[in-house]
Each structure stands twice: as C-alpha cells, then as structure tokens.
Amino acid sequence: MELLTQLGINWQLLIAQIVNFGIVVAVLTYLVYKPLLSTIDARRERTRKSVEDAKKIESQKRDMEVFRVEQMKKIDAECGAFLDQAKKDAEATKEQILTLAQKEADRLLTKGEERLAEERSRVFSEVQNDLSTIIVRLTEKILVKEFTPEDQKKWIGDIQKELPSLLR
Amino acid sequence: MAAIEAPTLASEVIAHIGSFEVRNTLLMAWIAMAVLFVVSFLTWRTKYKEIPGRFQTFMEMIVEGFFDFWDSIIDDREQTRKIYPLVTSIFIFLVVANWMGILPGVGSILVRVHTDGHTSMIPLLRSMNADVNMTLAFALMSIIATQVFGIAALGVAPYMGKFLIAPWKDPIGCFVGLLEIVAEFAKIISFTFRLFGNIFAGEVLIVVISFLVPYIAPIPFLGLEIFVGFIQALVFSMLTAVFIKMATMMHGGHEEGHEMAHA
C-alpha cells in the first residue's frame, strides 16, 4: 500500500482516465474512424467495380471488334457476290436490249425498204403516166401541123400501144 | 549550488473539484484530448467527400495506414475492424500526450499551491504518462479489452478453458493455466511500468541535462524523447493487438503469440 501511495495511485484519477480514454475512443470512432473507413471502403468498392466494368467493356470491345471484322468479311463476301450478280444481270440486260434493238432496227429497215419500194413503184407509175401524157401532147402538137387528123389518130394509137413497152 | 528539482514519482494536485483531485497529468490529458477533438472536428468538417481535399487525404492516409498495419498483425479484416478503434486510439492518445510532454512550458510553468499549511510551487503541466494512474488505466483497458475480445471470439467456456483446467485431467495444463492467469496480471504491470518508466525517465533526463547544460545540450535529448514517445505508443498499441490476436486464437496457437509478445 505504501508503494501505491508513493506512486500516487488514486482510484478517482484512474477512473477519470478510463472515462477520458472512453470519450476519446467514442469521438475518434464516430468522427474519424467510421466515416473515413466507410468512405475508403466505398471508394475501394467503386474502384473495384470501375476496374471490373473497364475489363468488361474491354472484353466487349474485343468481342465487338471480332464481330465487326466478321461482319465486314461477311458484307465484303455478300457485296462481292451481289456485284458479280449485278454484273451478270447487267450483261444479260445489255444483251437483251441489244437483241431487241437489233430486231427493232431490222424491222424498221425492212419496213423502210418496203415503203421505199412502194414509193418507187408509185413514183415510177406516176412518172410513166405523166411521161405518156407529155409525149402524147407533144406528138399531138407536132402532128397537128404535119399529119391529117386520120393519120394522127392512127399514129397516136400506134404509139400508145407501143409506149409501155418502150418505157420499160 | 542549486539542487536539481527532479520530478516526483507521484503527480501533483493542482486543484480540487469537490473531493476530486485535479492533477497536472490529468490537465495534460484533457489538453491532449482537446487537440484530438479539434483534429476530429476538422476531419468531420471535410464532410468525407468522394474527392477528398488535402486534409481529408492526409487523414485517410493515416486511418488506412493504421488499418493495414493492424491487419498485418491480426490477419483477419473483420477482427481488425472490431479492434481498430481501441488500438488506434491507444496509439494516437499516447503519442499525442507523449509528444506534448516535451513542449515548452510543460514542467516549467509553476503554480503556487497551499497544502497542509505550507505553500509550494508545482508544475502546472506534466507529461500525461509520467503518472502511474494514467498508464495503469491504459493497461487495465488493454487487458480487459483482450479478455472481452477473447470471450467474444471463442465463447466463455473455451476461453476460460485456457486458464482453468482440472488438475485430475491434466496436471501440467492446470499449472500452465495458473501461469496464464499470473501472466495476465503481469501484462498489466508490464504495460503500466514500461510506459511510465520510459516517459518518467525521459522527464528526469531532460531535467538533469537542462540543469547541467541549459542551452543546446538538451536538444538531442528532446529528439530522443520524440522517438521514445512514438516507440512507446507503438509498443503499447501493438502489444495490445498481439494480445488480442492471441486471445482470439484457439489454445493450440497461442505459443506463437507469446514469442511475439516477449520479443
């Protein structure tokens, strides 16, 4: 007991210091430790989630890149096939159009030739008639001066008979 | 030649509140508490933002640093979370009080007190841990907390089974159990006098050096006291963590803890 007295052991002070420490623990816990540890944990959790998300996005990006390359290849292949088909179709259409045009041109040529022949025939016939009429009149005028009416009639008649064969 | 006025073993009473004695070490404890409360309040004022400012970053660094440090001893995050407030507060309170003990004015500002009819001059402030009452209070809380955590982790019967073993079942175990009980009390004494001895010795050393060579010479010793104050706070809190770790382990594993504690 003497040692305790010499050391100044005082139960009141002991209890006061225990209370002091209790208050310090409470204040530090509620103002510093708990909120800061929660903040740190929340931030760590968010960071972990962000890293996971970033990894997920990276993985999705890789998948998308693979998908894009595949799709591009597929589209390239489809476009190539489509282009080939289009070329074939265009070639076939061209052939068809050319055939039709050739047929039409032939038809028009034939028709033109026919019309030309008809026109020539008609013009020939008209020229023949006109020429006959001119010759007859000319002959009449000549014969009026030198031939009797009977000779004229006879000669005109002969000429008329022979004229078509002469004109051929 | 003037005599050296070395500090007394017991702290001095500077005032009374009713029958309660206000001692200079208790006043120092209140000042240390006030410092901690101001820092806590400043931390609270940061609003614990998602994007922290400089002060919050500094506080987070300390808080997280302590958590990782205790976790390296306890090796169980849940258990670390439970003991964290106790051991961190022990360290912070002790280190702040120890460092405040070497501030100018501590031990040199004197007040006049009247006791038993005569007047004497005593220091207004004295290092908190240069008082056995203070270190004993810490030691008691540390050891009581150790028992509480041990019981909470293992249950009453398994935990008490470490101390109370029937002699007819295991005579050696019974003897070891008794030694364990003695060891628990020895821990209290060890905690109390290690901290008290170091801080009190530091005070005496500073007084003696200041008496012999008042200028310049005490400076290295003040640096030494800063170091001792830090180390003692660290040892006290770390041993508390180690004892709690030992107490929360099943019986087979506590030899390892003993080795750590005695190292």
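Above this text you will find the structure in question.
Just so it is clear, the model here is predicted, and its values are computed rather than measured.

The rules behind the values
- Residues numbered from 1 in each chain as written.
- Chains lettered and ligands numbered in written order.
- Predicted model: local features only at pLDDT ≥ 70, side-chain atom pairs only at ≥ 80, totals over all residues.
- Heavy atoms only, no water.
- Helix = DSSP H or I, 4+ residues; strand = E, 2+ residues; numbered from the N terminus.
- Expected span 1.5 Å × (residues − 1).
- Buried < 20%, exposed > 50% of the residue type's maximum accessible area, 1.4 Å probe, protein only.
- Axes fitted to C-alpha atoms, helices over the stretch in contact; angles between N-to-C directions.
- Parallel < 35°, antiparallel > 145°, perpendicular 65-115°, else oblique.
- Left-handed = near helix turned anticlockwise from the far one by under 90°.
- Contact = heavy atoms within 4.5 Å.
- Nonpolar A, V, L, I, M, F, W, Y, C, P; charged D, E, K, R; others polar.
- Polar contact = N/O pair within 3.5 Å; in protein donor to acceptor, adjacent residues only side chain to side chain.
- Buried area = accessible area lost by both parts, 1.4 Å probe.
- Salt bridge = Lys/Arg side-chain N within 4 Å of Asp/Glu carboxyl O.
- Pairing = 2+ DSSP bridges.
- Core = buried A, V, L, I, M, F, W, Y, C linked by side-chain atoms within 4.5 Å.

Colleague: Summarise helix α1 (residues 24–45) of chain B; cite the residues concerned and give the values.
Modeller: Residues and elements named next belong to chain B. Taking 1.5 Å of rise per residue, the 22 residues of α1 would be expected to cover 32 Å, and the 31 Å separating its terminal C-alpha atoms lies within 8% of that figure. Those residues of α1 lying buried are N24, T25, L26, M28, A29, A32, M33, L36, S40 and T43. Where α1 ends, the next residue or the one after it, K47, has phi of about 65°, a positive value.

Colleague: Please set out the packing of helix α2 (residues 54–74) of chain B against helix α7 (residues 218–247) of chain B residue by residue, giving values where relevant.
Modeller: Residues and elements named next belong to chain B. Their axes nearest at 9 Å, the elements α2 and α7 cross at an angle of 40°. When the axes of α2 and α7 are compared, the pair comes out oblique. As for how α2 packs across α7, the hand of that crossing is right-handed. Between α2, through F69, W70, I73 and I74, and α7, the contact on the second element is made entirely by L234, S237, M238, A241, V242 and K245. In the contact of α2 with α7, the residues fall into eight nonpolar, one polar and one charged.

Colleague: So what about the side chain of S40 of chain B? Which residues, and what values?
Modeller: Along the polypeptide, S40 of chain B turns up in helix α1. In this structure S40 of chain B comes out as buried when scored by relative accessible area, which is 0%. At 2.8 Å, the side chain of S40 of chain B forms a polar contact with the backbone oxygen of L36 of chain B. In this structure S40 of chain B touches V27, L28, L31 and V32 of chain A, once residues within four positions along its chain are discounted.

Colleague: Give me the lowdown on the interface of chain B and chain A, citing residues and values where you can.
Modeller: With 50 residues of chain B in contact, the opposing surface of chain A contributes 31 residues. The contact between chain B and chain A buries some 3700 Å² in all, and 69% of this surface belongs to carbon and sulfur atoms. On the chain B side of the interface with chain A, the three residues burying the most area are Y48, E50 and N133 of chain B, jointly 15% of the side's total. Where chain B meets chain A, there are four salt bridges. Measuring nitrogen to oxygen at the nearest pair gives 2.6 Å for the salt bridge that ties E60 of chain B to R43 of chain A. Looking at the side of chain B that touches chain A element by element, the count peaks at eleven residues for α1 of chain B. Split into classes, the residues belonging to the side of chain B that touches chain A amount to 32 nonpolar, nine polar and nine charged.

Colleague: Please give an account of the pattern of salt bridges that cites residues and values.
Modeller: Residue and element names in this part refer to chain A. Throughout the structure, instances matching the rule amount to 19 salt bridges over all chains. Residue D41 pairs with R44 through a salt bridge whose shortest N-O separation is 3.5 Å. Taken together, the positions of D41 and R44, both in helix α2 (residues 11–146) and three residues apart, correspond to about one turn of that helix. On the basis of relative accessibility, which here comes to 25%, the residue D41 falls in the partly exposed class.

Colleague: Talk me through the environment of P7 of chain B; I want residue IDs and the actual numbers.
Modeller: All names here are of chain B. Along the chain, P7 turns up in the segment before β1 (13–17). A relative accessible area of 21% places P7 in the partly exposed class. P7 sits 113 residues away from S120 along the chain, and the two C-alpha atoms are 14 Å apart. Apart from residues lying up to four places away in sequence, P7 is in contact with R126, F200, E203, V204 and V207.

Colleague: Talk me through the pairing of strand β3 (residues 110–115) of chain B; I want residue IDs and the actual numbers.
Modeller: All names here are of chain B. Across six bridges, the pairing between β3 and strand β4 (residues 118–123) is antiparallel. Across the sheet, the residue bridging to R112 is M121, located in β4. Linking two consecutive strands that pair antiparallel, namely β3 and β4, is a turn of two residues; a positive phi of about 50° is found at D116 within it.

Colleague: Residues and numbers for the packing of helix α4 (residues 132–154) of chain B against α7 of chain B, please.
Modeller: All names here are of chain B. Where α4 meets α7, the axes come as close as 8 Å, and the angle between the chain directions of the two elements is 25°. Considered as vectors, α4 and α7 are oriented roughly parallel to each other. As α4 runs across α7, the sense of the crossing is right-handed. Contact residues: α4 offers T135, F138, A139, S142, I143, T146, F149, G150 and L154, while α7 offers F236, T240, F243, I244 and A247. Its residues assigned to classes, the contact of α4 with α7 shows nine nonpolar, five polar and no charged.

Colleague: Break down the nonpolar core for me, citing the residues and quoting the values.
Modeller: Ranked by size, the top nonpolar core spans 73 residues in total, and within it F21 of chain A together with Y84, F93, L94, M128, F138 and F236 of chain B carry the most contacts. Taken together, the elements giving at least two residues each to this core come down to α2 of chain A together with β2 (20–23), α1, α2, α3 (77–100), α4, α6 (171–212) and α7 of chain B. With 13 residues, α3 of chain B is the single largest residue contributor to this core. When near neighbours in sequence (up to four residues on either side) are disregarded, F138 of chain B contacts Q17 and F21 of chain A together with I90, F93, L94, M128, N129 and F236 of chain B.

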